[in-house]
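# Fold and contact review
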Amino acid sequence: MAFAISHSTPAFADDVATHTLDIPAQDLGNALNALAAAANEQVLFSKEVVAGLRSTAVKGEYTTDAALGLLLQGSGLEAARTLSGVLLIRAKSARSQKPEAAARARSPAAAGRSIAGG
């Protein structure tokens, strides 16, 4: 399994700090890398998790969390911050998915395929 780590500076983000962002809609991995560089954050994700996914555009003043929410919108992925401050991008857990998406993910028909949540 291949992993990508964006930006190598320790991540101790100020939750209220905003960043001026101009990230076009693009491959999700590239968008996450752009956010990591602009926000001076470490972002860890598997290339397999983001493969084939596209981000929305993010332009304006945003906190890191708000920008991540926009980039991940509709992807079925979520971000979690580790104790060391690294942002980990992963598939949404059944608890964090909308009830109908969680039910589809548990169905036998869903076995072996990805479900893009919202």
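In this text the structure is predicted, and so the values were computed from the model without any measurement.

## Observations regarding helix α3 (residues 64-72)
Residues of α3 that are buried include every one of Thr64, Ala67, Leu68, Leu71 and Leu72, and no others. Down the axis of α3, the smallest arc covering the buried residues is 125 degrees, so these residues share one side. The elements touched by buried residues of α3 are β2 (19-23), α1 (28-39), β4 (58-62), β5 (77-81) and β6 (87-91). Of the residues trailing α3, Gly74 is marked for its positive phi of about 75 degrees.

## Re the pattern of salt bridges
Following the criterion strictly, the structure yields three salt bridges and no others. Of the charged contacts, one joins Glu41 and Arg81 as a salt bridge, the two residues approaching to 3.1 Å between their closest N and O atoms. One end of the pair, Glu41, is in the loop between α1 and β3 (43-46); the other, Arg81, is in strand β5, with 40 residues separating them in the sequence. Its relative accessible area of 34% is what places Arg81 among the partly exposed residues. Notably, a salt bridge pairs Asp65 with Arg81, separated by 4.0 Å at the nearest N-O pair. Highlighted residues: Asp65 in helix α3 and Arg81 in strand β5, separated in sequence by 16 residues.

## A word on the nonpolar core
Residues Leu28, Leu32, Leu35, Leu71 and Ile89 are the most contacted members of the largest nonpolar core, which totals 20 residues. Put simply, the parts of the chain that give this core at least two residues each are β2, α1, β3, α3 and β6. Broken down by element, the residue count for this core peaks at six residues, all from α1. Setting aside its immediate chain neighbours within four residues, Leu71 contacts Ile23, Leu28, Ala31, Leu32, Leu35, Ser55, Thr56 and Val58.

## Here's the deal with the confidence of the model for the chain
Mean pLDDT over the chain: 78, with 66% of residues reaching 70 or higher. The low-confidence segment residues 104-118, where pLDDT is below 50, has 16 contacts with residues more than four positions distant or belonging to other chains.

## Regarding the packing of α1 against α3
Interaxial distance between α1 and α3 falls to 11 Å at its minimum, and their mutual angle equals 170 degrees. Classed by the angle they form, the pair α1 and α3 counts as roughly antiparallel. Contacts from Leu28, Ala31, Leu32, Leu35 and Ala39 of α1 reach α3 at Thr64, Ala67, Leu68, Leu71 and Leu72. Residues that form the contact of α1 with α3 fall into these classes: nine nonpolar, one polar and no charged.

Cut-offs applied
- Residues numbered from 1 in each chain as written.
- Predicted model: local features only at pLDDT ≥ 70, side-chain atom pairs only at ≥ 80, totals over all residues.
- Heavy atoms only, no water.
- Buried < 20%, exposed > 50% of the residue type's maximum accessible area, 1.4 Å probe, protein only.
- Helix = DSSP H or I, 4+ residues; strand = E, 2+ residues; numbered from the N terminus.
- Arc of directions from axis to C-beta.
- Contact = heavy atoms within 4.5 Å.
- Salt bridge = Lys/Arg side-chain N within 4 Å of Asp/Glu carboxyl O.
- Core = buried A, V, L, I, M, F, W, Y, C linked by side-chain atoms within 4.5 Å.
- pLDDT = per-residue confidence, 0-100.
- Axes fitted to C-alpha atoms, helices over the stretch in contact; angles between N-to-C directions.
- Parallel < 35°, antiparallel > 145°, perpendicular 65-115°, else oblique.
- Nonpolar A, V, L, I, M, F, W, Y, C, P; charged D, E, K, R; others polar.

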